[in-house]
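Listed below are the residues making up each chain.
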Amino acid sequence: DLEVALKVVRRRAEKRLAQLLEYHAAALAEQRERLCVLLSPPPGRREALGPEERHSRVNRLLAHSHVRLSEVAAETERVRRYTAGQERELTALLQQQQQQQ
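In short, a report on the structure. (Residues numbered from 1 in each chain as written. Predicted model: local features only at pLDDT ≥ 70, side-chain atom pairs only at ≥ 80, totals over all residues. Heavy atoms only, no water.)

### Considering the overall build of the chain
Put simply, the rule reads: Here a strand is any run of E in DSSP of at least two residues, a helix any run of H or I of at least four, and the numbering for each starts at the N terminus. Within these notes, the globule rule equals 2.2 Å times the number of residues to the 0.38 power, and the radius of gyration is based on C-alpha atoms. Here, two residues are considered to be in contact whenever any of their heavy atoms come within 4.5 Å of each other.
Within the chain, the secondary structure is distributed over two helices and zero strands. For 101 residues, the compact-globule estimate of 2.2 N^0.38 gives 13 Å, and the chain exceeds it by more than 25% at 23 Å. A principal-axis box enclosing the C-alpha atoms of the chain has dimensions of 80 × 15 × 10 Å. In the chain, the share of contacts with a sequence separation of at least 24, taken over all contacts with a separation of at least 6, comes to 69%.

Below is the structure:
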């Protein structure tokens, strides 16, 4: 039944988007932990990092974070476009079916 298929498409999209949100939240938590480690003095050193070293470490982490966020955003957009296309196709088929009855 087309109505059921439409619900399945929506449910799958919702599940995939929820997975992406979980992945994103985990990535943010990981980045927060890495930032704390990066800004801590290296083992055996008591003094804090110098501004250049701290700046360099933060920039590397931000570059890595940007790549991961871009991947999540791209996958989210793919899921959104695919789901919208599936919904359009199924809705059109459902309307055809209803007109024929």
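### A few points about the environment of Ala18
Put simply, the rule is: When a residue's accessible area, from a 1.4 Å probe over protein chains only, is under 20% of the maximum for its type it is buried; when over 50% it is exposed; and in between it is partly exposed.
Its place among the elements puts Ala18 in helix H1 (residues 2-39). Here Ala18 falls in the partly exposed class, since its relative accessible area comes to 34%.

### Some remarks on the pattern of salt bridges
This is how it is decided: What makes a salt bridge here is a side-chain nitrogen of Lys or Arg within 4 Å of a carboxyl oxygen of Asp or Glu, nothing more.
A full pass over the atoms with the stated rule returns seven salt bridges. A salt bridge links Glu75 to Arg78; its shortest N-O distance comes to 2.8 Å. Pair noted here: Glu75 and Arg78 are both in helix H2 (residues 51-100), with a separation of three residues, about one helical turn. For Glu75, a relative accessible area of 19% corresponds to the buried category. Of the residues examined, Arg78 reaches a relative accessible area of 45% and is grouped as partly exposed. A salt bridge links Glu77 to Arg81; its shortest N-O distance comes to 3.3 Å. Taken as a pair, Glu77 and Arg81 lie in helix H2 at a separation of four residues, close to a single helical turn. Residues joined in a network through salt bridges with shared partners are Arg16, Glu75 and Arg78.

### Comments concerning the environment of Leu61
In this fold, Leu61 is placed in helix H2. The class for Leu61 is buried, based on a relative accessible area of 7%. In this structure the C-alpha to C-alpha distance between Leu61 and Arg32, which are 29 residues apart in sequence, comes to 9.7 Å. Setting aside chain neighbours within four positions, we find Leu61 in contact with Gln31, Arg34, Leu35 and Leu38.

### Section: H1
The condition that has to hold: Each helix should span, by expectation, one fewer than its residue count multiplied by 1.5 Å.
For H1, with 38 residues, the first-to-last C-alpha span of 55 Å sits near the 56 Å given by 1.5 Å per residue. Buried within H1 we find Leu2, Leu6, Val9, Ala13, Leu20, Ala27 and Gln31.

### So, the nonpolar core
Rules: For this analysis, a nonpolar core means a set of buried residues of the types Ala, Val, Leu, Ile, Met, Phe, Trp, Tyr and Cys, connected via side-chain atoms within 4.5 Å.
By size, the foremost hydrophobic cluster in this structure holds five residues: Leu2, Leu6, Val9, Leu90 and Leu94. Counting only elements with at least two residues in this core, the list comes to H1 and H2. Ranked by residue count, the leading element in this core is H1, at three residues. Other than its neighbours up to four places away in sequence, Val9 contacts Thr83, Gln86 and Leu90.

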